[in-house]
Amino acid sequence: MARLLFRIILAAATVLIVTACGADKEFRVNGRIDGFGTGNLRLVYYNGEGVQSLAATAVDGRFMVTGRLDKEAFIRVYTNNGAVAGRLIVAPGETVEATFNLSDPTKMKLDGNDNSKRLAKFVEANADIIKSGDTAGLNAIIEKYVGDNKNRAVAGVLL
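Quick notes on the rules
Residues numbered from 1 in each chain as written. Predicted model: local features only at pLDDT ≥ 70, side-chain atom pairs only at ≥ 80, totals over all residues. Heavy atoms only, no water. Pairing = 2+ DSSP bridges. Helix = DSSP H or I, 4+ residues; strand = E, 2+ residues; numbered from the N terminus. Axes fitted to C-alpha atoms, helices over the stretch in contact; angles between N-to-C directions. Core = buried A, V, L, I, M, F, W, Y, C linked by side-chain atoms within 4.5 Å. Buried < 20%, exposed > 50% of the residue type's maximum accessible area, 1.4 Å probe, protein only. Contact = heavy atoms within 4.5 Å. Expected span 1.5 Å × (residues − 1). Arc of directions from axis to C-beta. Polar contact = N/O pair within 3.5 Å; in protein donor to acceptor, adjacent residues only side chain to side chain.

Novice: An account of the sheet that holds strand β2 (residues 39–46) is requested, with residue identities and associated values reported.
Specialist: Within a sheet, each strand pairs with its neighbour through backbone hydrogen bonds, oriented either parallel or antiparallel. Judged by pairing direction, the sheet is antiparallel, and its four strands sit side by side in the order β3-β2-β5-β6 without closing on themselves. Edge positions in the open sheet fall to β3 (51–58) and β6 (84–90), since each of these has one partner strand only. Adjacent strand axes in the sheet meet at a mean angle of 20°, parallel and antiparallel pairs treated alike. Note that β2 and strand β5 (residues 73–79) share four bridges and pair antiparallel. Across the sheet, the residue bridging to Arg42 is Tyr78, located in β5.

Novice: Can you explain the nonpolar core? Please cite residues and give values.
Specialist: Core analysis: the biggest nonpolar cluster contains 35 residues, and Phe63, Val77 and Leu88 have the highest contact counts within it. With near-sequence residues (within four places) excluded, Phe63 lies in contact with Val29, Asn30, Gly31, Arg32, Ile33, Leu41, Leu43, Ala56, Thr57, Ala58 and Val77.

Novice: Can you lay out helix α2 (residues 114–125) for me, pointing to particular residues and giving the numbers?
Specialist: Look at α2: 16 Å from first C-alpha to last across 12 residues, which is about the 16 Å you get at 1.5 Å a residue. Residues of α2 that are buried include every one of Asn115, Ser116, Leu119, Ala120, Phe122 and Val123, and no others. Down the axis, α2 shows its buried residues gathered within 160° of arc, on one side only. Away from its buried face by more than 90 degrees, α2 exposes Lys121, Glu124 and Ala125. Two or three places before Asn115, at the opening of α2, Asn113 has a side-chain oxygen 3.2 Å from that residue's backbone nitrogen.

Novice: Describe in detail helix α4 (residues 135–148), supporting the description with residues and values.
Specialist: Between its first and last C-alpha atoms α4 spans 20 Å; for 14 residues at 1.5 Å apiece the expected length is 20 Å, and the two agree. Listing the buried residues of α4 in full gives Gly137, Ile142, Tyr145 and Val146. Viewed along the axis of α4, the buried residues span an arc of 170°, placing them on a single side of the element. Facing away from the buried side of α4 by more than 90 degrees, the exposed set consists of Ala136, Glu143, Lys144 and Asp148. Contacts from the buried residues of α4 go to α2, α3 (127–132) and α5 (153–158).

As far as function goes, none of this settles anything; it's purely spatial.
Set out below in structure tokens:
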């Protein structure tokens, strides 16, 4: 009986240790896509080992997904027909609250980390030029942003 109890305690301790060590690499996205409804989503990102793809189901536009990262990553959210529904930046251990708009990708709200907030702020501040299709104008504002923010992940995302 004592041996069985010892094995149970040892197994429980092992599970706790493994879970505790791995949790810091997990990220979470709580999202909403206005105008989407119910359907499947695909989140695509690079985790340091290769390109990863996560499936999520949105119900009334709301979804939640978790994944694993070794370092901060840029994530694209696609609908089941391949349309880009949104973009965000997340790091291991973070939870990002994301709101996207399927009919207007410049309407987005990201909360949970500074880089996602910066991305949303850039897109919102430059929505008119993004929608206009003025490639030269868009390249100019991206060039200025990158020049002023060389060490920020958003600069790399915008490039």
